[in-house]
Amino acid sequence: MKIIFIAILIALTNCKANAQEAGDSAILMPAMVLVEGGAFKMGSNDGLKNERPVHNITLRSFYIGRYEVTQALWKKVMGSNCAHFAGCDNCPEEEVTPEQIQLFLTKLNQQTGKHYRLPTEAEWEYAASGGNKSKGYKYSGSDSLGEVAWYEDNSGNKTHPVGQKKPNEIGIYDMSGNVWELCGDWFDSHYYSKSPATNPLNDKKTAHRVVRGGSWRSPKERCYSKARNRNINDHHKQNGGFRLALDE
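An account of the accompanying structure is given in this report.

Basis of the calculations
Residues numbered from 1 in each chain as written. Predicted model: local features only at pLDDT ≥ 70, side-chain atom pairs only at ≥ 80, totals over all residues. Heavy atoms only, no water. Pairing = 2+ DSSP bridges. Helix = DSSP H or I, 4+ residues; strand = E, 2+ residues; numbered from the N terminus. Buried < 20%, exposed > 50% of the residue type's maximum accessible area, 1.4 Å probe, protein only. Phe/Tyr/Trp six-rings, centres within 6.5 Å; stacked < 30°, edge-to-face > 60°. Disulfide = S-S within 2.5 Å. Axes fitted to C-alpha atoms, helices over the stretch in contact; angles between N-to-C directions. Contact = heavy atoms within 4.5 Å. Salt bridge = Lys/Arg side-chain N within 4 Å of Asp/Glu carboxyl O.

### Quick word on the sheet that holds strand 7 (residues 180–186)
Spatially, the 4 strands line up as an open sheet ordered 9-8-7-10, and their pairing is mixed. Unpaired on one side and paired on the other, strand 9 (228–230) and strand 10 (240–241) mark the two borders of the sheet.

Shown next, in the form of structure tokens:
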């Protein structure tokens, strides 16, 4: 059993060895933003079918990462680096699977004594839209995508350090573009038609998990705050990452 457990652990952390190991065991505490609870209209009737219908959602207050999880934080917690675009500590960690992300969360929580998790899809969209300070922008923080995002027209075909673009209304960066962000929900294209109205989370397992926000290689229409997608490991590798959430 011990050999099997070690084999599974190695498979989950099958990343490139960290060539710049940190010299101590201190944890880089992630910067978090308090998102005050409230009600909002989730979804869009103008986009893809899986973004419909628009429905009313009420959320409790929560914290969400000011930035996407970086390579520096991943290496500090995991001792290795999975990123295709390695060598940029402040760039988002990418080319990680949902299973590797769950292992990261387990280790981070053990080392910090906190209970970090993935944001729900509803939390993600509410935060990306500016929470209760929303100005109704199409993208997260602006109607002009280039102000807030690295996407196919300006990325140079790679990720970029977090926090270089303009933040949204509540001080969160890169929720449009850079990397698709994994959420806690399982993907169901019809979920909006049956979603609970309060603190929804689709925990019914399907073939894929929800990812949101678009990436460095996404066109404009995939980077707006309402756009939904599913994680597919053959093309959400070098452009798939995540950010943290925490209950208030």
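### Considering unusual backbone geometry
Cis geometry is adopted by the peptide bond preceding Pro53, which originates at Arg52 and carries an omega value of -5°. Following the sequence through the fold, Pro53 ends up in the loop between strand 3 (38–42) and strand 4 (55–59). Despite not being glycine, Glu95 has its phi angle at roughly 60°, a positive value. By secondary structure assignment, the location of Glu95 is in the loop between strand 6 (80–81) and helix 3 (98–112). On the basis of relative accessible area, Glu95 is assigned to the partly exposed category, the value being 24%. Not every positive phi belongs to a glycine, and Asn157 is a case in point at roughly 65°.

### Observations regarding the packing of aromatic side chains
Two descriptors summarise a pair of aromatic rings, namely the distance from one centre to the other and the angle between the planes of the rings. For the structure on display, the rule yields 6 aromatic pairs. Ring plane angle 0° and centroid distance 4.9 Å describe the contact between Trp74 and Phe104, whose orientation is recorded as stacked. Taken together, the residues Trp74 in helix 2 (residues 71–78) and Phe104 in helix 3 connect sequence positions 30 residues apart. On the basis of relative accessibility, which here comes to 0%, the residue Trp74 falls in the buried class. Geometrically, the ring pair formed by Phe104 and Phe242 is edge-to-face, given 5.5 Å between the ring centres and 75° between the ring planes.

### A word on the state of the cysteines
Taken as a whole and assessed by the stated rule, the structure comprises 1 disulfide. A sulfur-sulfur distance of 2.1 Å marks the disulfide that ties Cys88 to Cys91. Looking along the S-S bond of the Cys88-Cys91 disulfide, the torsion reads about 70°, which is the right-handed sense. Residue classification places Cys91 among the buried residues on the basis of a relative accessible area of 3%.

### What about the sheet that holds strand 11 (residues 245–247)?
Strand order in the open sheet made by the 3 strands is 2-5-11, with antiparallel pairing throughout. Looking at which strands have only one partner, the edges of the open sheet turn out to be strand 2 (32–35) and strand 11. With strand direction ignored, the average angle separating the axes of adjacent strands in the sheet is 25°. One ladder, built from 4 bridges, connects strand 2 with strand 5 (residues 62–65); its direction is antiparallel.

### Focus on the environment of Leu73
Its place among the elements puts Leu73 in helix 2. Spatially, the C-alpha atom of Leu73 lies 8.1 Å from that of Asp89, the residues being 16 residues apart in sequence. The contact partners of Leu73, leaving out residues within four places of it in the chain, are Leu28, Pro30, Phe104 and Leu244.

### Some words on the pairing of strand 7
Each regular strand carries side chains that alternate between the two faces of the sheet. Of all 7 residues that make up strand 7, 7 are buried, and the element is covered over most of its length. Bridge analysis of strand 7 against strand 10 gives 2 bridges, and the strand direction is parallel. Each residue of the ladder has a partner; that of Trp180, found in strand 10, is Gly240. The pairing of strand 7 with strand 8 (residues 209–212) spans 3 bridges and is antiparallel. Its bridge partner lying in strand 8, Leu182 is registered against Val211.

### Let's talk about the pattern of salt bridges
A complete count under the given rule lists 11 salt bridges for this structure. In this structure, Arg222 and Glu51 form a salt bridge, with 3.8 Å as the shortest nitrogen-oxygen distance. Here the residue Arg222 occupies a position in the loop between strand 8 and strand 9, and Glu51 occupies one in the loop between strand 3 and strand 4, the gap between them amounting to 171 residues. In this pair, the class of Arg222 matches that of Glu51, namely buried. Close ionic contact of Glu181 with Arg243 constitutes a salt bridge, the shortest N to O distance being 2.7 Å. With Glu181 in strand 7 and Arg243 in the loop between strand 10 and strand 11, the pair connects residues that are 62 residues apart, well separated along the chain. Accessibility assignment for this pair places Glu181 and Arg243 in one class, buried. Overlapping salt bridges bring together Glu121, Glu125, Arg212, Lys226 and Arg228 as one network.

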